[in-house]
There are 2 protein chains.
Amino acid sequence: MDELQRDYPWTKSPLVSCGPMRLIALSKLTSEVSRAGGLGFIGAGSDCSALVAELESFKGLQTECRILADVKDVLPVGVGFLLWAGEKLLMEALPILEKYKPAALWLFAPSHPDQLVQWTKETRRVTKGMTKVWIQIGTVADALEITKSCQPDVLVVQGNDAGGHGLEKCAGLVSLLPEVDDAVSALCAAQEIKKPTLVAAGGIMEGRGAAAALTLGASGVVMGTRYLASPEANIAKGYRDAVLKASDGGVTTERGKLYDTLRGTTDWPLRYGGRGVLNETHHDAAKGMSVEENKRLYEQALERGDDGWGEKARLTTYAGTGVGLVKEVKSAAAITKEVREDAISVLKRANSSL
Amino acid sequence: MDELQRDYPWTKSPLVSCGPMRLIALSKLTSEVSRAGGLGFIGAGSDCSALVAELESFKGLQTECRILADVKDVLPVGVGFLLWAGEKLLMEALPILEKYKPAALWLFAPSHPDQLVQWTKETRRVTKGMTKVWIQIGTVADALEITKSCQPDVLVVQGNDAGGHGLEKCAGLVSLLPEVDDAVSALCAAQEIKKPTLVAAGGIMEGRGAAAALTLGASGVVMGTRYLASPEANIAKGYRDAVLKASDGGVTTERGKLYDTLRGTTDWPLRYGGRGVLNETHHDAAKGMSVEENKRLYEQALERGDDGWGEKARLTTYAGTGVGLVKEVKSAAAITKEVREDAISVLKRANSSL
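Residues numbered from 1 in each chain as written. Chains lettered and ligands numbered in written order. Predicted model: local features only at pLDDT ≥ 70, side-chain atom pairs only at ≥ 80, totals over all residues. Heavy atoms only, no water.

The name recorded for chain A in an unreviewed UniProt entry is Nitronate monooxygenase domain-containing protein, from Oleoguttula mirabilis.

Take a look at the structure:
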């Protein structure tokens, strides 16, 4: 786990990150994660319009914070992009990456694998390799192809339990991570290339999940859903309350394209879907309600504010299957520290009980 | 983890078990698992017709084996039943359980929760509590309901990555197991009842998955798919070869009811489906082939023997998403020992790297 602390020297081992949740993980959340010795990713998504403002805001917050003040050269934060947005996004992103040099770039969901190669190459060029490249995958085949074509610094291995967008067909971390580790290790040994560091995402909510990821081959973990229950996440109270209330997420969440359809975010490549808590929107769709009517009711629900969320309501509540483990609001810094320390003590306890 | 070794004194910690795979886990496989310090479950399924012969065969094999010879009172093996088969199965099973007193009984897939209560009560009565009761669950709600109604000795927590039958809607172990642990612990504390021991199943293939399960709250692990690649598993060479060949199981396996439909095993309650490796049967069904035609081709494939299995063939290849981690045939005893010892060294390594 030394590698990550060498690349991100303000972080502590094991690395705890917040995923680049679009519109949710902004400067306020990521600065708290990084301040607590983690690595926060700003979710730029498919659009650079707010990114400069968020990076400036991050810089301001960083100045207030002595822990990060020692970090030179790079900005102690990551930025995540959705690559299906196309070449325009890359062209907009490059000058920003060059100017701000975030410590890491998170690439996800290309419509064509060549986009990953182009983003990796261009980012390394404009930042002189200072911005490390993280690429998210969900299959062994993608892990191998991307390791060959991009040699990323980090592969983010996302299992099926993840909230929000991921592959519609995907294994859970318990089987996916070891198989990726073995396959990528063999490839890198055969081709004499540097093996990417593996970081795990998907269903990790607290110390036990984080400890499990470490035993499965990860050097660090990423969480999304858990950070939704921090005051620094940029989400409506109604959404946060729905996350706190949900439990038994294997039954009460589902991955699919319904919300993308209703919200008009239909540019996602076919193999991705979003996992969220089931509500009236799903139930009505399952009963055969037309997309038009469901869309109309969705837009009506938007006007209800916080009451638009919940099991008996309609708005998107992206969350992973571990949502039932999220039971209280804590600061993002406290979450980061707690998960890191709990992972260590869980491993210690499991080890000494044998 | 002491509890399991107290109840099954020939076993070593952490407990490694083979699941009660119907027609596959018989005396030959289970005796090797138990001999190596694990706990093998004979898969009686929905039918007692071969069970006495298998238990007699197990007794014979046990006599040859000094490790098990010290165990008195109970037979150092488990037996698993599919409860949807109904009351007739219970009536047939009870005298056999009374006579042979297997160390554990594994109950799965009732068509009504009352069946679990009845099986638990009757088994404890006829075996004077000597046969411990294991109940398989896949949701937090079921874990709570069954703990209250049955107070089983063991809850087998099965995640979505499992091969063969499981819940159609189910979380992976990384989120399911900690949530079950917390919920069941709280229930047992509130009701002042004994907490069942948790054992994990679903996607565990080797030491890393087993170590992960221990960090997530399990005291032992169950494997199915991994044991398919042992000479003692009662499966065709074609099936075994298809398991060895498959990889990237998140993409190449799928859970569903297709095989049950084609094979006529349609008594499974609606919420269960079987996970298997995708082949022509699936592809044709997805393209709209009728059940009748698919069934006809399935029956034709049965006549092809070992060639009936494989990606380009048609026969059922139940396997979990971790099937790509199964790469060679080893004896069931070697698998049992290896997974147990690797789990310990994986935990030790993860712990010391922090």
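What follows continues from the structure just given.
### So, the overall build of chain A
Broken down by element type, chain A carries 16 helices and 11 strands. A compact globule built from 354 residues would reach a C-alpha radius of gyration of about 20 Å, and chain A, at 19 Å, matches this within 12%. Projected onto its principal axes, the C-alpha coordinates of chain A cover approximately 55 × 55 × 45 Å. By element, 51% of the accessible surface of chain A is carried by carbon and sulfur atoms, the whole surface being about 13400 Å². Here chain A carries 42 positive and 44 negative side-chain charges, and the mean point of each set is 3 Å from the other. (Helix = DSSP H or I, 4+ residues; strand = E, 2+ residues; numbered from the N terminus. Rg over C-alpha atoms; globule rule 2.2 N^0.38 Å. Areas by Shrake-Rupley, 256 points an atom, 1.4 Å probe, with all protein chains shown as cover. Lys, Arg positive; Asp, Glu negative; His and termini not counted. Charge placed at Lys NZ, Arg CZ, Asp CG, Glu CD.)

### Section: the interface of chain A and chain B
Facing the 49 residues of chain A at the interface are 49 residues of chain B. Between chain A and chain B, a total of about 3700 Å² is buried, with carbon and sulfur atoms accounting for 58% of that surface. For chain A, the biggest contributors to the area lost against chain B are Lys169, Arg208 and Leu354 of chain A; these three give 17% of the whole. Counting across the interface, chain A meets chain B through 4 salt bridges. Residues Lys169 of chain B and Glu254 of chain A are paired through a salt bridge, measuring 3.2 Å at the closest nitrogen-oxygen approach. (Contact = heavy atoms within 4.5 Å. Buried area = accessible area lost by both parts, 1.4 Å probe. Salt bridge = Lys/Arg side-chain N within 4 Å of Asp/Glu carboxyl O.)

### A short note on the sheet that holds strand S10 (residues 253-256) of chain B
Residues and elements named next belong to chain B. Strand order in the open sheet formed by 3 strands is S7-S11-S10, and the pairing between neighbours is antiparallel. The open sheet is flanked by strand S7 (164-167) and S10, the only strands paired with a single partner. When the angles between neighbouring strand axes are averaged without regard to direction, this sheet yields 30°. Sheet topology note: the S7/strand S11 (residues 272-277) ladder contains 4 bridges and is antiparallel. Residue pairing for S11: Leu167 is matched across the bridge by Tyr272. (Pairing = 2+ DSSP bridges. Axes fitted to C-alpha atoms, helices over the stretch in contact; angles between N-to-C directions.)

### Concerning the sheet that holds strand S10 (residues 253-256) of chain A
Residues and elements named next belong to chain A. The 3 strands are arranged S7-S11-S10 in an open sheet whose pairing can be described as antiparallel. On the outer flanks of this sheet lie strand S7 (164-167) and S10, each paired with one strand and no other. Averaged over neighbouring strand pairs, the angle between their axes works out to 30° when direction is ignored. Relative to strand S11 (residues 272-277), S10 is paired through 4 bridges, and the arrangement is antiparallel. When the bridges of S11 are listed, Thr253 appears paired with Val277.

### A short note on the pairing of strand S9 (residues 220-223) of chain B
All names here are of chain B. Residues Gly220 and Val222 point to one face of S9 and Val221 and Met223 to the other, with burial holding for every one of them. Sheet analysis places strand S1 (residues 15-18) next to S9, joined by 4 bridges and oriented parallel. Bridge pairing in S9 places Val16 opposite Val221. For strand S8 (residues 197-201) and S9, the ladder comprises 3 bridges, and the chain directions are parallel. Note on S9: the bridge partner recorded for Ala200 is Val221. With helix H9 (residues 207-216) bridging S8 and its parallel neighbour S9, the resulting β-α-β unit is right-handed. (Buried < 20%, exposed > 50% of the residue type's maximum accessible area, 1.4 Å probe, protein only. Right-handed = clockwise from strand over helix to strand, strands pointing away.)

### Let's talk about the pairing of strand S2 (residues 39-45) of chain A
Residues in a regular strand project their side chains so that they alternate between the two faces of the sheet. All names here are of chain A. In terms of burial, S2 is a largely internal element, 7 of the 7 residues being buried. Burial of S2 is two-sided: the residues Leu39, Phe41, Gly43 and Gly45 facing one way and the residues Gly40, Ile42 and Ala44 facing the other way are all buried. The sheet contact formed by strand S1 (residues 15-18) and S2 spans 2 bridges and is parallel. What sits directly across from Cys18, in S2, is Gly40.

### Focus on the nonpolar core
Phe81, Trp134 and Tyr227 of chain A together with Phe81, Trp134 and Tyr227 of chain B are the most contacted members of the largest nonpolar core, which has 218 residues in total. Beyond its immediate sequence surroundings of up to four residues, Tyr227 of chain A is in contact with Val16, Ser17, Cys18, Met21, Leu29, Val33, Ala233, Ala332, Ile335 and Thr336 of chain A. With 10 residues, the next largest nonpolar core counts Leu214 and Leu347 of chain A together with Leu214 and Val346 of chain B among its residues. (Core = buried A, V, L, I, M, F, W, Y, C linked by side-chain atoms within 4.5 Å.)

### Section: the state of the cysteines
One pass over the full model with this rule turns up 0 disulfides over all chains. With no disulfide partner, Cys170 of chain B has as its closest neighbouring cysteine sulfur the one in Cys170 of chain A, 15 Å distant. (Disulfide = S-S within 2.5 Å.)

### Points about the relation of the copies chain A and chain B
With an RMSD of 0.0 Å, the operation that places chain A on chain B is a rotation of 180° combined with a shift of 0.0 Å along the axis. Taken together, the turn and the small shift mark the pair as related by a two-fold rotation axis. Looking at the rotation axis and the C-alpha trace of chain A, the residue lying nearest is Ala212 of chain A, at 2.1 Å. Interface residue correspondence from chain A to chain B reaches 100%, placing this contact among same-surface, isologous pairings. (Least-squares fit on C-alpha atoms with pLDDT ≥ 70 in both.)

### A short note on helix H9 (residues 207-216) of chain A
Residues and elements named next belong to chain A. Among the 10 residues of H9, 10 are classified as buried, and the element is accordingly described as predominantly covered. Taken together, the buried positions of H9 are occupied by Gly207, Arg208, Gly209, Ala210, Ala211, Ala212, Ala213, Leu214, Thr215 and Leu216. Trailing H9 by a residue or two, Gly217 shows a phi angle of about 125°, which is positive.

### With respect to the side chain of Gln158 of chain B
Residue and element names in this part refer to chain B. Along the polypeptide, Gln158 turns up in strand S6 (residues 154-158). Looking at Gln158, the relative accessible area reads 8%, which means it is buried. Polar side-chain contacts of Gln158 include one of 3.2 Å to the backbone oxygen of His165. Discounting chain neighbours no more than four positions away, the residues touching Gln158 are Gln136, Ile137, Gly138, Gly163, His165, Gly166, Leu167, Cys170, Leu176 and Ala201. (Polar contact = N/O pair within 3.5 Å; in protein donor to acceptor, adjacent residues only side chain to side chain.)

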